[in-house]
Structure formats: structure tokens, C-alpha cells
Amino acid sequence: MIGTNGDLLRQMKTKIDGIENLVHELQLLGGGVPAIEKNAQCILSFTHALQFGISDIAEVEDL
Amino acid sequence: MGVLGRNYWNPFVETLPREKLRRLQIRNFRKILKYAKEHSGLYRETHQGIEPEDIRSMDDIRKIPMIDKEDLRCAQTGKEPFPFGDLLGVPVEEVSTFRQTSGTTGTPVYVPESWESWQWRVEVWCHILWMAGFRETDRVFIPFGYNVYVAFWEGHYAAEKLGCTVIPGGALDTKGRLNKIREVRATALLNTPTYGLHMAETARSLGLSPQEMGIARMVCAGEPLPDATRKRLEESWGAEVYDHIGGTEPCAWAAMCKERKGLHIMEPFFLVEILDMETLSREVEEGELGVAVVTPLGRRSFPLIRFNTKDVVRKGKSGCACGRTSMMIQGMAGRADDLRKIRGVLFTPVSVEEVVRGEFPEIAEYEIVVERKGIMDEISLKVEPEQEIGEEVMKELMKRISERLKMKTNLRFLIRPLKPGALPRYTLKSKRFRDLREMKGGEAS
């Protein structure tokens, strides 16, 4: 069953966390620039969806 | 992952074993409750003394108060920030869009979305469309101007995200829309059941065969879709037709897979409880009717904790031949608001739709009217045939409809025949049920 593939899920979770951290760093660098702030916010909306569909599953595998 | 992965939008959530799904839902319930208490004025006030950390089981969750549409209205009317009021879960400057309920049962509710929350809703709809077989090669025609009604917006954004080509069909009449479908060779539709039937009827009146227009699949929204109506749509269009259940406030929370035998609850996006209609305190058994109480678990702009949808559904089993592990809904029986007692008999308009659409293809449109005549309730059914039929044939048809309705509902209907085209055609929500007892101040318990 795909739903029990813990290693793959954990690897993907690490990448998703990495994207989120990079975007937060970008927000700090580009603070005050609308093009940075708004696009960064959009990226974080997609990482929210990925956290819900991937990172949360990885975490429940580890509970 | 290969081929198996392409069967699912997200195989990791869709095939997760049930006990893990439940653990995830309870964990995410704690998270959204904590968030709601910290960010929404309504929950700070109404959920005082409830500690999210104490929630460990479904029994704990059942002790949390429910909210309903009237609570949402109260939280918005005259409250700041305008127009979203106390329920808003994000700073008002983060609201990027809002939709409104249709106002069928009272003052419309404003449903605000941050970009994050909107994308969460879109992700849910990606699951719905993917389950219904929508793919990158589809050209999706949406024959509406969407205004502030949410489902077609969600479907539009989700179809784009899937990689489909989306054609919005507002600002055209029905003939123009049929022409556009042919012009762009659309392969899929998002539609209301009523308008799907009306488009097919109009196509035939123009000498076109809807079955030959190239539509392979259709997802319906906006109204209940009994299986009889769904099958009539399938026959009319020669297409696979899929239902979903949802609402503007909670989002779409159940949808059909390719099996088309009931609807999958969109777990783990939602925690859905199906509770007994009398006390709303007990989870019903498989096969029983109950009221759906829904908590969206990842939407922060408009947190809903145990929202009583008032949708009456029949609980199904968990698991399906498609491989998804989510709990199923066998079907929608109607809205608790639409349940009426007529001459002491509990009645839902969906039961009439099942008979008319399932057994009488010669009937194009209908309308149910309940009136008080003296001390008695009278229920009548106006029926409009597809085409002009003779008096004798109509008499025979009325007799058969009356007998079948008596068997199905235990009520004696007065059947009133009309000329073809006499009843209105609806695009969004149809109004085929009128209880005139309420208008005259009569009882309608």
C-alpha cells in the first residue's frame, strides 16, 4: 500500500520544510518589496497544501 | 509510483489506513481548534474553558459545541471587521476573496478566504475532479457566470491546477453555450443537474444530439443529485456524471469516484460526523440516515468547528473497489430544512425527484406544492410533459405517477398536468418545492 511508504514521505517532508524555510528567508531579504512579499505568500499557500497532504502523513507514520 | 500514482490525486492520503486517518483527523482537529481560539473572536468567547490539548478521542470531540448557519449570521451581523465579523480567522488585510451563500434559508453568509485558505479549497477540488477522471487533456466548459457562488470558482481553479483547459461560459444564453461546446470541442462540464437537463433539452430542440457533442464527463454542483437524475443526465449526454456534497461554508466534503456507488468523504481534509437526527449526539450506523456535522481541518480564514450542515445523508461503509480507504456516504436524502410533516408523514422532496426522474422520462419538469385546505394539508405535483401528449395518454400517465408516489412517500398527490414549457427553467438552484402553509402562517413542523 502506497500510504505506508514512510521513508519516501519523510524525504518529501524534509524537502517541503526546506522550501518553507527558504521562502521565509526570501521574505526577510525582500521585506517591503511587494513583488517578493506577495509571491512568497503565494508559495507558502502551496506549501500549506503540501504539508496537509504529505508532511502530516509522514508525521502520523511516525506517531 | 508509476501507473498506480496516476489513479489518485494524492495516493498517500487516499490510501492511508483508517486507524491512521482517524489519528490524523483528531490531531488536526486539536490544531484547528487551538488556532480558532487564538485567532477568531467567536471561538474565544464560545469555547472558553475548552482545552484543545485535552482532546484525545471522538468522544472528546462530541463534547465540543456545534455551530450552525444562524450562529454564522449572528457572528457577522453588525460585527467588525465588516462584513466578515467575529468569525474571521486571519487579519482582514489577508482576505483575498470571499463568496456568499445563496440565501435559500435566510440572510446570505459572507465566507472570506485568504489566498492560503482558497488554495486549500482548490486542493480539495483537485481531488474531486481527479476522482471523476478529469485530466490534462480535458477541455472543461463551465456554463455559468459564477458571481459569488463558490462551487464553480473552485472547480475552475482546480481544473486549471490539474492542467485542463478551462472555458468559462458566462454571458451567453443556452444556445450560445451549446455552440461554444461544439466550437471548442469541450470534453467535460461542471454543471447544476437542472441546467444539465435543460441544456440537453435545448440541444434536442435545436436538432442536436447531446450524446454526440463530445462531453465525456460532468461534475454536478448546487443541488442534490439523486441517482435517478444522475442516470438521466448520463443517458442524455452519453457521459459519466459525478456528484459531490458540500456547501459554501465548509467546502465540498464528499465526492464520487469512478465506481459511482456512493460518495467518498474527503478525509483527512474534513472530520465528518454523521449524527442521529433526534439528538445529534450519536454517530449513526452504516445504512442509517443522519445529519452531517463537518469540521474543515486546514482552513484558517474561516474556521468552522463542528459545523451542522443540516444535510441529511445515509452513512456508508469505509473502503471502496477504487482502493480509497475513506468513509463513504451512500447518498444525500435532502436538507433537514426541507424535511416536512405532511398529514403526519415525514416528507422530503428528493423522494419525488427519484420517482419522476427515475421512472418517467416523458416528464420534462415538475413542481411540488403543499397547501393548507381547511384543516387538511394538500400536496400536489405539477407535471410538464416533454412534448404535447393526448388527453387519454396524460390521464394514464397521471394515474401511474400518483400510484408510484403513493408507494414511495405514503402520500396521495394531486397531479396537475401542464403544457410543455409552462414551468420555469433554473440555472443555479432550482425551486421545485413550495410549502405555502408557511406563507400563510400555518404549521410546518
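Here's the deal with helix H11 (residues 227–237) of chain B
All names here are of chain B. Burial of H11 is extensive: eight of the 11 residues sit out of reach of the surface. Of the positions making up H11, those classed as buried are Ala-228, Thr-229, Arg-230, Arg-232, Leu-233, Glu-234, Ser-236 and Trp-237. Of the residues trailing H11, Gly-238 is marked for its positive phi of about 60°.

Brief notes about the sheet that holds strand E8 (residues 244–247) of chain B
Residues and elements named next belong to chain B. In spatial order, the strands read E8-E9-E10-E14-E13-E12-E11; together these seven strands make up an open sheet with antiparallel pairing. Single-partner strands in this sheet number two, and they are E8 and strand E11 (270–275). For this sheet, the mean angle separating the axes of adjacent strands, direction not counted, is 45°. Examined bridge by bridge, E8 and strand E9 (residues 251–255) share four bridges and lie antiparallel to one another. Residue pairing in the sheet places Gly-246 in a bridge with Ala-252 of E9. Across the sheet, helix H3 (residues 18–39) lies against E11, strand E12 (289–296), strand E13 (307–318) and strand E14 (327–335), angled at about 100° from E11, the strand it touches most. Docked against the sheet, helix H7 (residues 115–131) engages E8, E9, strand E10 (263–265), E11 and E12, running at close to 25° with respect to E9.

Let's talk about the packing of helix H9 (residues 174–184) of chain B against helix H10 (residues 193–205) of chain B
Residues and elements named next belong to chain B. Where H9 contacts H10, the axes come no closer than 10 Å and their chain directions differ by 85°. In terms of orientation, H9 and H10 fall into the roughly perpendicular class. Touching Thr-174, Arg-177, Leu-178 and Ile-181 of H9 are Tyr-195, His-198, Met-199, Thr-202 and Ala-203, all from H10. Grouping the constituent residues of the contact of H9 with H10 by class yields five nonpolar, three polar and one charged.

Section: the packing of helix H12 (residues 349–359) of chain B against helix H13 (residues 391–409) of chain B
To describe two helices that pack against each other, one gives the angle between their axes and the distance between the axes. Residues and elements named next belong to chain B. Their axes nearest at 10 Å, the elements H12 and H13 cross at an angle of 140°. Our classification of the angle between H12 and H13 gives oblique. Two packed elements cross with a definite hand, and for H12 against H13 that hand is right-handed. Counted together, Ser-351, Val-352, Glu-354, Val-355 and Glu-359 of H12 and Arg-404, Leu-405, Lys-408 and Thr-409 of H13 form the full contact between these two elements. By residue class, the composition of the contact of H12 with H13 is three nonpolar, two polar and four charged.

Criteria and cut-off values
- Residues numbered from 1 in each chain as written.
- Chains lettered and ligands numbered in written order.
- Predicted model: local features only at pLDDT ≥ 70, side-chain atom pairs only at ≥ 80, totals over all residues.
- Heavy atoms only, no water.
- Buried < 20%, exposed > 50% of the residue type's maximum accessible area, 1.4 Å probe, protein only.
- Helix = DSSP H or I, 4+ residues; strand = E, 2+ residues; numbered from the N terminus.
- Pairing = 2+ DSSP bridges.
- Axes fitted to C-alpha atoms, helices over the stretch in contact; angles between N-to-C directions.
- Contact = heavy atoms within 4.5 Å.
- Parallel < 35°, antiparallel > 145°, perpendicular 65-115°, else oblique.
- Nonpolar A, V, L, I, M, F, W, Y, C, P; charged D, E, K, R; others polar.
- Left-handed = near helix turned anticlockwise from the far one by under 90°.

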